[in-house]
Amino acid sequence: KTHEFMTKHHVILGQLQIGEPERAQQYNMEPTRTQQEAVSRIMNQIKEPSVAALLVGKTSRANELGIRLTLDRESVLSAGTSWLSPDAWVTILGNLIENAIEGLNQTRRGTKEVSVSIREGADNLFLCVEDTGPGMTEEVRAHIFDKGFSTKGDSRGTGLSLVQDTLAAYGGTIRVESEPGVGTSFIITLDDQP
């Protein structure tokens, strides 16, 4: 983080020294403008306060790490949605986004992006968290929901187990698509119970 800060600092100083103060100001404000646009999109599309707050917080965290987290333009969620409780949203969405951020933070890939899609319909809810991270082998994918299984070290491996347990309590399903070197997608569906 210090190295990244110093690099940006040097760019601004250089622009000031060559007589380009407007460019220096624009360069300095660009992350703030991008962050404001992301927050505005979240607040306009996601009306459930706990989910909006979670997305704003995770977007800020990702941005600090040089990762771009975006909510897709078609996402929508109403206030007081009955598909999941606020705690369930935080467990599911929070763990999936955090895992994507951690995976991207540990890779040297140039493009580090997480995309979140939420589609609330009358009869179903669709949620997808995708990343451009390192991906997973079939062997790893077969165990990711096992409590205590982790590729990140000891005392880990509870997040995805909690996601699966929470979804089971709400009658939801989760599907994982992943390719090493390409990225990972977690696709969740909840259907209206007859």
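Below or above, wherever it landed, is the structure these notes cover. Predicted model, so just to flag it, every value in this text is computed and none were measured.

Regarding its fold elements, the protein presents six helices and five strands. The N-to-C order of helical and strand elements in the protein reads α-α-α-β-α-β-β-α-α-β-β. The contacts of the protein with a sequence gap of at least 6 include a subset with a gap of at least 24, amounting to 65%. For the protein, the accessible surface area stands at approximately 11300 Å², while carbon and sulfur atoms represent 50% of it.

We now examine the side chain of Glu48. Along the chain, Glu48 falls in the loop between helix 2 (21–45) and helix 3 (49–64). Of the side chains bearing the opposite charge, Lys47 lies closest to the buried Glu48, which forms no salt bridge; the N-O distance is 12 Å. Beyond its immediate stretch of four places on either side in the chain, Glu48 contacts Leu77, Ser78, Ala79, Gly80, Thr81 and Pro86.

Quick look at the pairing of strand 2 (residues 113–120) now. Note: strand 1 (residues 68–71) against strand 2, four bridges, orientation parallel. In the strand pairing of strand 2, Leu71 is matched with Val116. The parallel pair strand 1 and strand 2, bridged by helix 4 (residues 86–105), forms a crossover whose chirality is left-handed. Here seven bridges tie strand 2 to strand 3 (residues 124–131), and the two strands are oriented antiparallel to one another. Opposite Arg119, over in strand 3, you have Phe126 as the bridge partner.

Further remarks concern the nonpolar core. Core analysis: the biggest nonpolar cluster contains 39 residues, and Ile46, Leu55, Trp89, Leu93, Val116 and Ile118 have the highest contact counts within it. Breaking this core down by element, the ones donating at least two residues are helix 3, strand 1, helix 4, strand 2, strand 3, helix 6 (159–169) and strand 5 (183–191). If you tally residues by element for this core, the top one is helix 4, at nine residues. When neighbours within four sequence positions are excluded, Ile46 is seen to be in contact with Val51, Ala52, Leu55, Leu71, Val76, Leu77 and Ile118.

Cut-off values and rules
Residues numbered from 1 in each chain as written. Predicted model: local features only at pLDDT ≥ 70, side-chain atom pairs only at ≥ 80, totals over all residues. Heavy atoms only, no water. Helix = DSSP H or I, 4+ residues; strand = E, 2+ residues; numbered from the N terminus. Contact = heavy atoms within 4.5 Å. Areas by Shrake-Rupley, 256 points an atom, 1.4 Å probe, with all protein chains shown as cover. Buried < 20%, exposed > 50% of the residue type's maximum accessible area, 1.4 Å probe, protein only. Lys, Arg positive; Asp, Glu negative; His and termini not counted. Salt bridge = Lys/Arg side-chain N within 4 Å of Asp/Glu carboxyl O. Pairing = 2+ DSSP bridges. Right-handed = clockwise from strand over helix to strand, strands pointing away. Core = buried A, V, L, I, M, F, W, Y, C linked by side-chain atoms within 4.5 Å.

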